[in-house]
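Given next are the chains, with one letter for each unit.
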Amino acid sequence: MLLFSACFALAAPAQTFKETFKEFIKTQSDNLLPSEIPNLIKGFTGAEGKTALAGRYAKEQLLDDMADVVAPYFEDKLTEKDMKEITKFYNEPKTKEALGRMKALTDASTGKQILSEFSSPITKIVMGGKPENIKLREGVSKKYRKTCNKFCKDAGFLKAIEQVEKALDKLPFPSDGKAEAILEYINENLPTFLANTGSQFVTLDDFDTLSQVFKTSAFKHFEAGKDAMLDDILNVGSKLAKKASKWNEKQKK
């Protein structure tokens, strides 16, 4: 029996990087993404028919497709040990507590709140105007806003926006500059938006706890993969769009 078990273990195929990475992405999305992604999509589109389908795709298939498309960018940079280290960090009790409050922030930041903060300025940019920056709400300290700015920077949020902006320069047709202006507006105002929303849920200690992972080599390896992906974001977007289209076609049958 022991010999049979040993032979079976040797015969079992090793888990591929893509499979391990897919599990890792799903774990991290459970920690960090808003729980009401379908409602967020509905909030932005406002329609029912296609929106319901988009909501189902976001809930049922999006993470699988994302993992399939982006895994190759991480494969030579992120190890299984790195993924285990990051996952272990997020499973620590103190981190889980901070994540719980951060999750409340991301859930509160969906739908109407995002629309009210960003839709009007973005519409103004599209119409050729220049909106005012988001103002720090009364009662929110400058220290808290400064902490949010550092967190956005250390987490790679601001750099990611800049990389997407640079990717737009690679488009095969001339840009009118509006997309770049929208990204610049978001980049400049995201820390203040986070401060205004986060002050209701997330403490300065929470930000400090969550920032500890940014100092690790595992996170730096993850960031290297993310940088490679964002440098090719137009191609990534195209592949994801094709996968979403195929999924939609299957639902109609």
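A brief structural summary.

What follows is about the side chain of Asn-196. With respect to the helices, strands and loops of the structure, Asn-196 is situated in helix 11 (residues 178-198). Not counting residues up to four positions away in its chain, the partners in contact with Asn-196 are Ile-134, Lys-135, Leu-136, Arg-137 and Val-140.

Looking now at helix 13 (residues 217-231). In this model helix 13 runs 21 Å from its N-terminal to its C-terminal C-alpha over 15 residues, within 8% of the 21 Å that 1.5 Å per residue would give. Among all positions of helix 13, only Ala-218, Phe-219, Phe-222, Glu-223, Gly-225, Lys-226, Asp-227, Met-229 and Leu-230 are buried.

A word on the nonpolar core. Counting residues in each nonpolar core, the largest one holds 51 residues, and the members touching the most others are Phe-21, Phe-24, Val-70, Phe-74 and Phe-207. In terms of residues, this core owes the most to one element, helix 11, which gives 7 residues. Once residues within four sequence positions are removed from consideration, Val-70 is found in contact with Phe-21, Met-229 and Val-236.

Further remarks concern a positive patch on the surface. A grouping of Lys-239, Lys-242, Lys-246 and Lys-250 is seen on the molecular surface, where their side chains present a positively charged patch. If you trace the backbone, Lys-239 turns up in helix 14 (residues 233-252).

The next thing to look at is the pattern of salt bridges. This model, assessed by the stated rule, comprises 8 salt bridges. Lys-84 is the salt-bridge partner of Glu-80, the closest N and O atoms lying 3.7 Å from each other. Placement of the pair is Glu-80 and Lys-84 together in helix 6 (residues 80-91), with a separation of 4 residues, close to one helical turn. A relative accessible area of 44% places Glu-80 in the partly exposed class.

Before going further, it helps to spend a moment on the packing of aromatic side chains. Within the structure shown, the criterion is met by 12 aromatic pairs. Relative to Phe-74, the ring of Phe-21 has its centre 4.9 Å away and its plane inclined at 35 degrees; by these criteria the two rings are tilted. With a gap of 53 residues between them, Phe-21 in helix 2 (residues 17-32) and Phe-74 in helix 5 (residues 62-74) connect regions that are remote in the sequence. Accessibility assignment for this pair places Phe-21 and Phe-74 in one class, buried. With 5.3 Å between their ring centres and 35 degrees between their planes, Phe-74 and Phe-222 make a pair best called tilted. Taken together, the residues Phe-74 in helix 5 and Phe-222 in helix 13 connect sequence positions 148 residues apart. Taken individually, Phe-74 and Phe-222 each receive the classification buried, so the pair is uniform in this respect. Chaining the aromatic ring pairs together yields one cluster made of Phe-17, Phe-21, Phe-24, Phe-74, Tyr-144, Phe-151, Phe-157, Phe-207, Phe-214, Phe-219 and Phe-222.

Conventions used here
- Residues numbered from 1 in each chain as written.
- Predicted model: local features only at pLDDT ≥ 70, side-chain atom pairs only at ≥ 80, totals over all residues.
- Heavy atoms only, no water.
- Helix = DSSP H or I, 4+ residues; strand = E, 2+ residues; numbered from the N terminus.
- Contact = heavy atoms within 4.5 Å.
- Expected span 1.5 Å × (residues − 1).
- Buried < 20%, exposed > 50% of the residue type's maximum accessible area, 1.4 Å probe, protein only.
- Core = buried A, V, L, I, M, F, W, Y, C linked by side-chain atoms within 4.5 Å.
- Patch = residues over 30% accessible without salt bridge, like charges linked within 9 Å, V, L, I, M, F, W, Y side chains within 5 Å.
- Areas by Shrake-Rupley, 256 points an atom, 1.4 Å probe, with all protein chains shown as cover.
- Salt bridge = Lys/Arg side-chain N within 4 Å of Asp/Glu carboxyl O.
- Lys, Arg positive; Asp, Glu negative; His and termini not counted.
- Charge placed at Lys NZ, Arg CZ, Asp CG, Glu CD.
- Phe/Tyr/Trp six-rings, centres within 6.5 Å; stacked < 30°, edge-to-face > 60°.

The analysis is restricted to geometry; functional conclusions fall outside its scope.
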